[in-house]
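Spelled out from the first residue to the last, the chains are:
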Amino acid sequence: MSSLFPALDAGSERPALRFGDRSLTYGELRSAAAATAARLDGAERVAVWATPTLETAVAVVAALLAGVPAVPLNPRTGGRELTHIVTDSRPALVLAAPEDELPHALGGLERLDVTVTGTSTGTGAVPPGGKGSGVPDPEAPALVVYTSGTTGPPKGAVLPRRAIAASLDALEDAWGWTSADVLVHALPLFHVHGLILGVLGPLRRGGSVRHLGRFTTGGVARELAAGGTMLFGVPTMYHRVAEALDDDPQLAKALAGARLLVSGSAALPVHDHRRIAALTGRRVVERYGMTETLMNTSVRADDVEPRTGSVGVPLPGVDLRLVEDDGTEITVYDGETVGEIQVRGPNLFTGYLNRPDATAAAFDGDWFRTGDMAVRDTDGSVRIVGRRATDLIKSGGFKIGAGEIENALLDHPGVREAAVTGEPDPDLGERIVAWIVPADRDAPPAAEDLADHVAAQLAPHKRPRTVRYLDVLPRNDMGKIMKRALHG
Ligand code: MCA
Ligand code: AMP
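The following paragraphs examine the structure supplied in this document.

Rules used throughout
In every chain, residue numbers begin from 1 and rise along the written sequence. Chains carry letters from A onward and ligands carry numbers from 1 onward, assigned in written order. Only residues with pLDDT of at least 70 are given local features in this predicted model, and only at 80 or more are side-chain atom pairs given and counted; all residues enter the totals for whole chains, interfaces and linings. Neither water nor hydrogens contribute to the side-chain values; these are computed over all heavy atoms in the structure. Strands are runs of DSSP state E lasting at least 2 residues, helices are runs of H or I lasting at least 4, and numbering of each runs from the N terminus. Only protein chains enter the accessibility calculation, which uses a 1.4 Å probe; a residue is then buried when its area is under 20% of its type maximum, exposed when over 50%, and partly exposed in between. Between two residues, a contact is recorded if the distance between any of their heavy atoms is within 4.5 Å. Two strands make a pair as long as DSSP finds a minimum of two bridges between them. Joining through side-chain atoms within 4.5 Å is the link that ties buried Ala, Val, Leu, Ile, Met, Phe, Trp, Tyr and Cys residues into a set, and such a set is a nonpolar core. Every helix has an expected span of 1.5 Å times one less than the residues it contains.

A few words now on the environment of threonine 308. Mapped onto the secondary structure, threonine 308 falls in the loop between strand 14 (294-298) and strand 15 (313-314). Assessed through its relative accessible area of 27%, threonine 308 is described here as partly exposed. Between the alpha carbons of threonine 308 and valine 285 there is a distance of 8.3 Å; along the sequence they are 23 residues apart. Filtering out sequence-adjacent residues up to four positions away, threonine 308 remains in contact with Val270, His273 and Arg383.

A word on the pairing of strand 24 (residues 398-401). Covered by surrounding structure in strand 24 are Phe398 and Ile400 together with Lys399 and Gly401, the residues of both alternating faces. Here four bridges tie strand 23 (residues 392-395) to strand 24, and the two strands are oriented antiparallel to one another. Across the sheet, the residue bridging to leucine 392 is glycine 401, located in strand 24. Counting the residues between successive antiparallel strands, the hairpin from strand 23 to strand 24 contains two residues, one of them, glycine 396, with a positive phi of roughly 65°.

The next point concerns the nonpolar core. Counting residues in hydrophobic clusters, the biggest one holds 88 residues, and the most contacted among them are Leu17, Trp175, Ile196 and Leu200. Excluding its chain neighbours within four sequence positions, the residues that come into contact with leucine 200 are Phe5, Val60, Val61, Leu64, Leu143, Ile164, Leu168 and Leu195. By size, the runner-up hydrophobic cluster in this structure holds 21 residues, among which are Val184, Val241, Leu251 and Ala252.

The end-to-end C-alpha distance of helix 5 (residues 161-175), which contains 15 residues, comes to 21 Å, matching closely the 21 Å that a straight helix rising 1.5 Å per residue would cover. Burial within helix 5 is extensive, with eleven of its 15 residues counted as buried. When we look at burial in helix 5, the residues that qualify are Arg161, Arg162, Ala163, Ile164, Ala165, Ser167, Leu168, Ala170, Leu171, Ala174 and Trp175. Glycine 176 lies just past helix 5 and shows a positive phi near 55°.

Shown next as structure tokens:
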């Protein structure tokens, strides 16, 4: 397998990364990453304190150059979840920016400061990325990305170098993605979307990325107007763009000038699609992926048909099928028959870290069960209609398991019983709703208290946005909570 980043091997004065007012050329990135890579020698695995900064990008590139798998950590993760992740993945080191303060949960880990000087020696010896072998092994793990299931703590999806290369190259084809592209985004760097697509993607193409640090519609308008060619975002970001467009002609002009607007991580509502198209003349392109599979389908950039509500066709190299509940393959493309999406191809992960049981359960032979329900239109394009598990919530583009929030809520002294559901939300797609039976019905815990508790234990994006109090939870004869009855 050739290098993941040919443009980095060459080094050059072309811009590679820009975060705020700090930037690195390919030559500078090569020097900075090679210097960090040299200090990772022999490590089994490393964690990266994944703030939205230049240091995170350099740390991940360094780990990839050294052939050491990296575990990106959400810097807002609370104690319980962080402890789980580092206990499960056992990193030898945590890479962080010199000024970062690390929490107690990482106290036992050796720390390596990532320094970004912004100078290019031009000679930065780039290790081959094969852990001493000289030849990068395509099957070697590159990243371990934690993702939520319906119950229990998040699982670490082990992503090999092969999957990253295959998925990014398939997107090159679908989007006509080149070294001339300047990607603008504000996604977090501890998930596939922001890190693999949003940072490693431009670097593999030899293009550049401008990260906004945090999402604002003003930042999007500014960077697109100043040379950005592509925008990546989750539907919540496009919703906020759509809301702002009416009063912001600069934003409309900037979007109209972009080559490609891409949405993913959750379904973009048709209403927002239409509002953006009407006010900018541009159609947002949707692609569909998963942490475990990277990218599966996309609307092609050169598609002449409008594809509102569709996630497009399987990417090159990806096999995709729909199956009935009993596993029978659906072979009709009628836009009506709903089945679960299964995929196979070079884009897939190799398994969940330390979880052979969960890995085995996720596959049907060599087909990965996505849990997403869809139909195929007559031309073979895929339209997602829902999810198999109602206990998986997508809020702001983050996948969140109801079970992990319920467990955290049950730890609160004021809570006797808890159930968590997702409710439609115009901004977040779904918002997390906690249904609580208080320990003392005359003194129920405040909603804010419960939100803070979940944010501190797990992560702020997992906090309930609405809390409803009940005397009892509706249960069936088996004692199982009937969540569908809650909204009734
Ligand atoms: C609020 N905050 C709190 C609390 N309440 N902190 C502690 N305790 C609390 N009780 C903080 C937050 O941390 C945050 O800080 C700030 O207040 C605002 O938070 P919030 O209101 O939650 O932000 P939001 O409005 O909900 O954010 C919307 C968003 C976000 C920016 C769109 O949801 C987002 O970044 N989504 C991206 C998700 C994503 O990348 N998914 C990819 C995975 P501060 O503002 O300082 O941070 S899916 C994937 O990878 C697959 C492969 C795919 O297909 O893409
Ligand atoms: P995650 O496990 O966090 O990587 O989230 C993956 C899930 O996000 C998928 O299984 C889908 O349910 C959802 N998803 C990603 N992209 C899209 C999209 N374009 N439309 C609808 N759902 C999507």
